[in-house]
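Listed here are the chains, written in short residue letters.
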Amino acid sequence: MEEVRRSCAWVAAHSSHVFVDSAGIEKVVEGMEGSIPKVEWDFEGIHFFDGGPLTVQYLLVVDAINFCFWPDEELSYDHLASRLKKALKRDNSVLDADRLQKYTECLVAGPDLRELLEWPRPLPLEDERARLLNEVGNVLERSFDGKASNLVESSSKSAAKLVALLTSHFPGFRDHSIYKGHQVFLYKRAQIFVADIWGAFKGQSYGEFSDIGSITMFADYIVPAVLRSLGILKYSSSLDDIIESNHELSSGSEEEVELRACCIYAVEKMRDLIRAKTGKQVLSVELDLWLWCFGVQCPALKHHKTLSIYY
């Protein structure tokens with residue numbers, strides 16, 4: 001994902017509101033004493049896994065609508081993953097391509113997304129979630145014989161190629177912005193799908209990728225807050241005021257792009273420093289999982305708030 005690394009490094013070099021503190025990175029890496037605290041994929045036991053193609057289908061659907069939980073304080077990623085798991089165990093055809101094309105928001109006639117997720121009130125960006133499920137069903141049926149496993153197999157065991165396939169075939173995964181006239185690639189949900197497949201299958205079968213190290217961390221709203229608390233990210237006073245006062249940041253604004261891009265850049269610098277100090281080949285995927293788990297266990301951390309389908 002060199003386009004992600006390059007474009008995010010450019011943002012970090014020209015940032016006006018978010019700054020990466022090299023001394024902060026050094027301090028955190030020193031405190032790790034040469035090892036990342038190990039966090040297993042699905043340590044909470046919330047995901048569906050049967051060791052076959054149905055797991056791949058499930059993970060693509062999860063990651064297609066894995067975004068924007070913060071407007072509803074009771075809604076979380078755990079709820080999304082576990083309710084889709086429950087629905088699939090009840091009916092193993094519930095995520096078939098033809099059925100994905102029919103899910104709707106509650107106000108439209110047809111199979112109800114809220115019912116699928118067992119949610120009693122409107123979901124944040126509910127119409128977009130329904131649209132993206134429809135898109136996944138349409139593209140899978142048109143290009144991959146209805147199966148996400150065929151999509152993964154088309155990557156020839158390349159993580160970078162799988163991200164490219166996702167972003168070329170599925171418009172909803174094209175997570176990029178324009179920042180000070182430059183295109184910035186972030187690809188959070190496309191990359192996290194690769195990481196989920198890799199983690200679920202423990203690097204074997206569908207999860208075998210020869211270049212898993214090419215994947216960056218996944219820029220969301222949790223990890224920037226963690227990096228800030230660790231002293232790795234510093235904010236301008238104006239951005240600090242926006243976050244502390246719970247005001248919304250517009251998607252694609254300078255501040256929002258800087259938060260995400262500098263987050264990616266900082267984690268890449270952490271990875272590079274760990275390798276330089278220890279000789280260990282650390283994956284950005286592993287750093288991301290550790291930082292994200294740190295964040296969800298600290299709900300008091302203040303994070304930025306942006307309405308977005310990308311995270």
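As a reminder, the structure under discussion sits directly above these lines.
Residues numbered from 1 in each chain as written. Predicted model: local features only at pLDDT ≥ 70, side-chain atom pairs only at ≥ 80, totals over all residues. Heavy atoms only, no water.

Details of the environment of Ile-232
- Relative to the assigned elements, Ile-232 resides in the loop between α11 (222-229) and β4 (233-235).
- Sequence separation between Ile-232 and Ser-7 is 225 residues, and the spatial gap between their C-alpha atoms is 19 Å.
- Beyond its immediate stretch of four places on either side in the chain, Ile-232 contacts Phe-19, Val-20, Asp-21, Gly-24, Ile-25, Val-28, Leu-227, Ala-266 and Met-270. (Helix = DSSP H or I, 4+ residues; strand = E, 2+ residues; numbered from the N terminus. Contact = heavy atoms within 4.5 Å.)

Digging into the packing of helix α13 (residues 254-278) against helix α14 (residues 284-296)
- At their nearest, the axes of α13 and α14 sit 10 Å apart, and the two run at 115 degrees to each other. Here the hand of the crossing between α13 and α14 comes out right-handed. Facing Val-267, Glu-268, Met-270, Arg-271 and Ile-274 of α13, the residues of α14 in contact are Ser-284, Leu-287, Trp-290 and Leu-291.
- Of the residues contributing to the contact of α13 with α14, the split by class is six nonpolar, one polar and two charged. (Axes fitted to C-alpha atoms, helices over the stretch in contact; angles between N-to-C directions. Left-handed = near helix turned anticlockwise from the far one by under 90°. Nonpolar A, V, L, I, M, F, W, Y, C, P; charged D, E, K, R; others polar.)

Notes on α11
- Taken across its eight residues, α11 has six buried, putting it largely inside the fold.
- Restricting attention to buried positions, one finds in α11 the residues Ile-222, Val-223, Pro-224, Ala-225, Val-226 and Leu-227.
- On its buried side, α11 packs onto β4, α13 and α14.
- Count one or two residues on from α11 and you reach Gly-231, which has phi positive near 85 degrees. (Buried < 20%, exposed > 50% of the residue type's maximum accessible area, 1.4 Å probe, protein only.)

Side note on the environment of Gly-213
- Its place among the elements puts Gly-213 in the loop between α10 (188-200) and α11.
- Linking Gly-213 and Ala-160, residues 53 residues apart in sequence, is a C-alpha distance of 9.4 Å.

Some thoughts on the pattern of salt bridges
- All chains considered together, the criterion is met by 19 salt bridges.
- One salt bridge in this structure joins Glu-244 and Arg-228, with 3.4 Å as the shortest N-O distance. One end of the pair, Glu-244, is in helix α12 (residues 237-244); the other, Arg-228, is in helix α11, with 16 residues separating them in the sequence.
- The exposure class assigned to Glu-244 is partly exposed, which follows from its relative accessible area of 39%.
- The partly exposed category is assigned to Arg-228, whose relative accessible area is 22%.
- One continuous salt-bridge network, built from bridges that share partners, spans Glu-2, Arg-5, Glu-268, Arg-271 and Asp-272. (Salt bridge = Lys/Arg side-chain N within 4 Å of Asp/Glu carboxyl O.)

Some details on the packing of helix α9 (residues 159-169) against α10
- Where α9 contacts α10, the two axes come as close as 9 Å, and the packing angle between them is 135 degrees. Considering the angle they form, α9 stands oblique to α10. For the pair α9 and α10, the crossing hand works out as right-handed. Residues Ala-159, Leu-162, Val-163, Leu-166 and Thr-167 of α9 pack against Ala-190, Gln-191, Phe-193 and Val-194 of α10.
- Residue composition of the contact of α9 with α10, grouped by class: seven nonpolar, two polar and no charged. (Parallel < 35°, antiparallel > 145°, perpendicular 65-115°, else oblique.)

Brief notes about the packing of aromatic side chains
- Taken as a whole and judged by the stated rule, the model has eight aromatic pairs.
- Measuring from ring centre to ring centre gives 6.2 Å for Trp-10 and Tyr-179, while their planes differ by 80 degrees; the resulting arrangement is edge-to-face. Of this pair, Trp-10 sits in helix α1 (residues 2-14) while Tyr-179 sits in strand β2 (residues 176-179), and the two are 169 residues apart along the sequence.
- Look at Tyr-179 and you get buried, because its relative accessible area is 1%. (Phe/Tyr/Trp six-rings, centres within 6.5 Å; stacked < 30°, edge-to-face > 60°.)

Observations regarding the environment of Lys-180
- With respect to the element layout, Lys-180 can be found in the loop between β2 and β3 (182-185).
- In this structure the C-alpha to C-alpha distance between Lys-180 and Ala-159, which are 21 residues apart in sequence, comes to 29 Å.
- Not counting residues up to four positions away in its chain, the partners in contact with Lys-180 are Trp-10, His-14, Ser-15, Ser-16, Glu-254 and Glu-258.
- At a separation of 3.3 Å, a polar atom in the side chain of Lys-180 contacts the side chain of Tyr-179. (Polar contact = N/O pair within 3.5 Å; in protein donor to acceptor, adjacent residues only side chain to side chain.)

What to know about α14
- With 13 residues, α14 should cover 18 Å at 1.5 Å per step; its first-to-last C-alpha distance of 18 Å lies within 8% of that length.
- What α14 keeps buried is the set Ser-284, Val-285, Leu-287, Asp-288, Trp-290, Leu-291, Cys-293 and Gly-295.
- Against the buried residues of α14 lie α1, α2 (22-32), α10, α11 and α13. (Expected span 1.5 Å × (residues − 1).)

Things to note about the pairing of β2
- A one-sided burial pattern is seen for β2, the buried positions being Ser-177 and Tyr-179 and the unburied ones His-176 and Ile-178.
- Note that β2 and β3 share four bridges and pair antiparallel. Residue pairing for β3: Ile-178 is matched across the bridge by Gln-183.
- Hairpin connection between β2 and β3: a loop of two residues separates the two successive antiparallel strands, and Lys-180 in this loop has a positive phi of roughly 50 degrees. (Pairing = 2+ DSSP bridges.)

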